[in-house]
Amino acid sequence: MYEIVKVEELAPKIKLFEVYAPDIAEKSRPGQFIIIITGEKGERVPLTIAGYDVKKGTITFVFNEVGKTTRQLGMMKKGECIWNITGPLGNPSEIRNFGKVLCVAGGVMIAPMLLQVKALREAGNTVVTVMGARIKELLFFKEEMKALSHRFYVATDDGSEGYKGLSFLKDVLASEKFDRCIAMGPVAMLQTVCGLTKPYKIPTIVALMPIMVDGMGMCGVCRVSVGGQMKFGCVDGPEFDGHLVDFEELIKRQRMFLPEERLSALLWELGGCGCGAS
Amino acid sequence: MPKQPPEVRRHNFNEVALGYTEEQALEEADRCLQCPKPQCVKGCPVEVDIPAFIKLLREGKYEEGIRKIKEKNSLPAICGRVCPQEEQCQKMCVLGKVGDSVSIGRLERFLADWERAKGFTIPERAPPTGKRVAVIGAGPAGLTAAADLAKLGHEVVIFEALHLPGGVLVYGIPEFRLPKSIVQAEVDYIKKLGVELKLGYLIGRTYTIPELLKEEGFDAVFIGTGAGLPQFLGVPGENLGGIYSANEFLIRVNLMKSYAFPEYDTPIRVGRHVAVIGGGNVAMDAARSALRLGAEQVYIVYRRSRDEMPARKEEIENAEEEGVIFKLLTNPTRFIGDEKGWVKQMECIRMELGPPDESGRRRPVPVKDSEFLMDVDTVIIAIGRTPNPIIQRTTEGLAVTKWGTIMADENGKTSLEGVYAGGDIVTGEATVISAMGAGKRAARAIHEYLMSKR
């Protein structure tokens, strides 16, 4: 059992949890993830680690309340316990002095990107950050991100704040040289970013979170084609060379269980309170 | 032994074999010849004193009977169900040479079920030795090693990566062959021996083995992490939707109880025409699960002939009775998807058997120009599992074979001092009981190591 020590609503339906998990906190590194399960009947949900504090013995993660499990989780309060958390899982990000790094984050992945940016900064990089969301109301950690970045851009899909979409990056990439790009966010965004950096041959790392069950290399549902080879998102990743990822296949695989996920959420809505968690 | 009739059981996940009644058990026990030099014991990887427990059963001394089994075997209800007895103890039974051997497994199951219904008695433990052992993996090897070490007075902590203990017993073997409540009950028994269980700890990530020994205060480590990495065919279209590894399919069904979706949150999708690739027990388990999930047709597609199938005969028969269709000497060459990326067809090629290969079985050879298409909307690939590599990658100095298994001697001793290993992680994919045997031998070796190290 893992006690929730802090709950914060960052934006509508986006929540931050800080959880007491000293063994996991001690081993966590930027880029790694955890798997949570809310109860015996629950599903295993992978979430990227957004922070850790060895002294306090806590880890932080941010999630979007979309499906049944994340909505159930969203109803949990400080002092309540999460049934099980496994982690840290996956390989840590490569953090060293690359030179100038472009960091692009979208949606809930803004949170783990903040951790990444901090680490890259400490390693001596010049960091240019782009954070984006569907609409301006969903942007969070703006000030924190801005404070850590050498340069900072905001983009929204509808243009309600900052740039409209990511096409402005074309000009940025045409006018200056980057040594590396890191993108974290929805698959469609990752694909767009990779399309933009490819002509400039900027090594582009994408953090993938394909469908997972065990998250430790057993089930193989998270398989991704990278450069024509089969890789497992959980143990070979979660970060891959974005220019080699078969995004079309990944997008199709992400949608495999959409009807079931919708059904599950719908039934839960009709059922009500969410106390069937365990 | 009474079983659920095939037409009923193919629609439910309840246990297929119902177990002996007391009368049947006594009758079967009576057939045992009580040989002066019993051969059956030689066939048992954990050395259960078979004639002695059968004698006690026969005399109606059930409590003493189960005690006798548990001197050697801490998981009798599990072994009584999933051991390949016909290849082990029962194969050696003298009666088998002239007719039917004694159904030792079913008698073991009878006593274990009797005890579980009544409530467990916890055996006495040796006085505490002050030594601590970390056991990695709560599968058959780890549970056995932990139980034996605890009985010897050591402090034992099991680290299990999944959120439930049991390893392959909970994620791999379906409910209809091994009810999960039974695994839980036997795990609870092991906990009552004083063993601590830490769930959700992936060793290699949360702690490495050197950290367990140097920082976490353990005097020895036993690695029983099994063979959990799925193998794929390596043919085009394998990443289409609807194509599962047997591990994924069985983890969803068994561990996550997807058959009870949406009551349980993890979904599974099974179409009308299911092909299971492979011929082992895992393939049979997957095929029979697919039937129970509502598939109309379920095929076992296997590249050799029936005689070479590695599955237990009993499981092949069970599958056949339930309506699984066998397509033998057939091998998939590619998968074809629909516009949504879901599998709709599978191209196969016919095979014939050539001379024996290194496994001693006749090598399947493709028949030229014999490709044909099968309409399928679900494919389950059950062609074997390889060792999980996380520990090997994170433990410096641990000797590993070219197959990725950990090098260990007969007693589980590895290249590192104080580090022992056993089960599928050493042998490659094998049986529950052979893993238990390895756990048992390692426990003995660890005990000797700890007691000699003052």
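About the criteria used
- Residues numbered from 1 in each chain as written.
- Chains lettered and ligands numbered in written order.
- Predicted model: local features only at pLDDT ≥ 70, side-chain atom pairs only at ≥ 80, totals over all residues.
- Heavy atoms only, no water.
- Helix = DSSP H or I, 4+ residues; strand = E, 2+ residues; numbered from the N terminus.
- Rg over C-alpha atoms; globule rule 2.2 N^0.38 Å.
- Buried < 20%, exposed > 50% of the residue type's maximum accessible area, 1.4 Å probe, protein only.
- Contact = heavy atoms within 4.5 Å.
- Patch = residues over 30% accessible without salt bridge, like charges linked within 9 Å, V, L, I, M, F, W, Y side chains within 5 Å.
- Areas by Shrake-Rupley, 256 points an atom, 1.4 Å probe, with all protein chains shown as cover.
- Salt bridge = Lys/Arg side-chain N within 4 Å of Asp/Glu carboxyl O.
- Pairing = 2+ DSSP bridges.
- Axes fitted to C-alpha atoms, helices over the stretch in contact; angles between N-to-C directions.
- Core = buried A, V, L, I, M, F, W, Y, C linked by side-chain atoms within 4.5 Å.
- Polar contact = N/O pair within 3.5 Å; in protein donor to acceptor, adjacent residues only side chain to side chain.

(A) The overall build of chain B, seen in detail. Tallying secondary structure elements over chain B gives 18 helices and 16 strands in all. A compact globule built from 454 residues should have a C-alpha radius of gyration of about 22 Å, and chain B, at 23 Å, falls within 12% of that. By principal-axis analysis of the C-alpha atoms, chain B measures approximately 65 × 55 × 50 Å. Classification of the 454 residues of chain B by burial places 59% in the buried group. For chain B, restricting intrachain contacts to residue pairs at least 6 apart in sequence, the fraction spanning at least 24 positions comes to 69%.

(B) Layout of a nonpolar patch on the surface. Residue and element names in this part refer to chain A. Nonpolar side chains collect at one region of the surface, where Leu-263, Leu-266, Leu-267 and Leu-270 lie side by side and expose about 390 Å² of accessible area between them. Tracing the sequence through the fold places Leu-263 in helix α8 (residues 258–271). Judged by relative accessible area, Leu-263 falls into the partly exposed class, the value being 39%.

(C) Fine view of the sheet that holds strand β9 (residues 325–327) of chain B. Residues and elements named next belong to chain B. Read from one edge to the other, the open sheet built from five strands follows the order β6-β14-β7-β8-β9, with strand pairing classed as parallel. The two strands at the open ends of the sheet, each matched to only one other strand, are β6 (243–245) and β9. Neighbour-to-neighbour, the strand axes of this sheet turn through a mean angle of 20°, independent of strand direction. Note that strand β8 (residues 297–301) and β9 share three bridges and pair parallel. In the strand pairing of β9, Ile-300 is matched with Phe-326. Contacting β7 (273–277), β8, β9 and β14 (378–381), helix α14 (residues 281–292) crosses the sheet at an angle of about 170° to β8.

(D) Quick look at the sheet that holds strand β7 (residues 84–89) of chain A. All names here are of chain A. An order of β6-β1-β2-β5-β4-β3-β7 is seen for the seven strands of this open sheet, with the pairing classed as antiparallel. Where the open sheet ends on each side, the last strands, each with one partner, are β6 (81–82) and β7. Bridge analysis of strand β1 (residues 2–11) against strand β2 (residues 14–20) gives six bridges, and the strand direction is antiparallel. Bridge pairing links Val-7 to Phe-17 in β2. Contacting β4 (45–53) and β5 (58–64), helix α3 (residues 110–122) crosses the sheet at an angle of about 40° to β4.

(E) Spotlight on the nonpolar core. The biggest cluster of nonpolar side chains holds 142 residues, and the ones touching the most others in it are Phe53(B), Phe249(B), Val276(B), Ile300(B) and Met346(B). Top contributing element to this core by residue count: helix α18 (residues 432–452) of chain B, with 10 residues. Look past the residues within four positions of Met346(B) in its chain and what remains in contact with it is Ala275(B), Ile277(B), Val301(B), Pro332(B), Arg334(B), Phe335(B), Phe372(B), Leu373(B), Met374(B), Val376(B) and Val379(B). Of all hydrophobic cores here, the second largest spans 38 residues; its members include Ile34(A), Leu212(B), Ile406(B) and Val426(B).

(F) Examining the interface of chain A and chain B more closely. Listed as interface residues are 48 residues of chain A and, on the opposing side, 47 residues of chain B. Where chain A meets chain B, there are four salt bridges. Between Glu263(B) and Lys41(A) there is a salt bridge whose closest N-O contact spans 2.7 Å. Here chain A and chain B share 22 residue pairs in polar contact (both at pLDDT 80 or more) between them. For the side of chain A that touches chain B, the secondary structure elements donating two or more residues are α1 (22–27), α2 (68–74), β7, β14 (223–226), β15 (229–232), α7 (247–254) and α8 of chain A.

(G) View of unusual backbone geometry. A cis amide bond links Gly87(A) to the next residue, Pro88(A), at an omega of -5°. By secondary structure assignment, the location of Pro88(A) is in strand β7. The omega torsion across Gly237(A) and Pro238(A) is 10°, close enough to zero to call that bond cis. As for its position among the elements, Pro238(A) is in the loop between β15 and β16 (239–241). The phi dihedral of Glu47(B) is positive, around 60°, even though this residue is not glycine. As for its placement among the helices and strands, Glu47(B) is situated in the loop between α2 (22–30) and α3 (50–58). Looking at Glu47(B), the relative accessible area reads 30%, which means it is partly exposed.

(H) Layout of the environment of Leu208(A). Residue placement: Leu208(A) occurs in the loop between β13 (204–207) and β14. Filtering out sequence-adjacent residues up to four positions away, Leu208(A) remains in contact with Leu190(A), Val224(A), Pro238(A), Phe240(A), Val245(A) and Leu250(A).

(I) Structural detail: the pattern of salt bridges. Applying the stated rule across the entire model yields 51 salt bridges over all chains. Ionic pairing is found between Lys27(A) and Glu211(B), a salt bridge with its closest N-O pair at 2.7 Å. Taken together, the positions of Lys27(A) in helix α1 and Glu211(B) in helix α12 (residues 209–214) put the pair across two chains. Assigned by exposure class, Lys27(A) and Glu211(B) land together as buried. Asp30(B) is paired through a salt bridge with Arg58(B); the nearest N and O atoms lie 3.9 Å apart. Taken as a pair, Asp30(B) in helix α2 and Arg58(B) in helix α3 lie far apart in primary sequence, 28 residues in all. For Asp30(B), a relative accessible area of 52% corresponds to the exposed category. For Arg58(B), a relative accessible area of 28% corresponds to the partly exposed category. Connected through salt bridges with shared partners, the residues Arg9(B), Arg177(B), Asp285(B), Arg288(B), Arg292(B), Glu315(B), Glu321(B) and Glu322(B) form a single ionic network.

(J) A look at the pairing of strand β10 (residues 330–337) of chain B. Residue and element names in this part refer to chain B. Relative to strand β11 (residues 343–356), β10 is paired through seven bridges, and the arrangement is antiparallel. Residue pairing for β11: Asn-331 is matched across the bridge by Ile-349. Between β10 and β11, which pair antiparallel and follow one another directly, the connecting turn spans five residues, one of which, Gly-341, has a positive phi of 85°.

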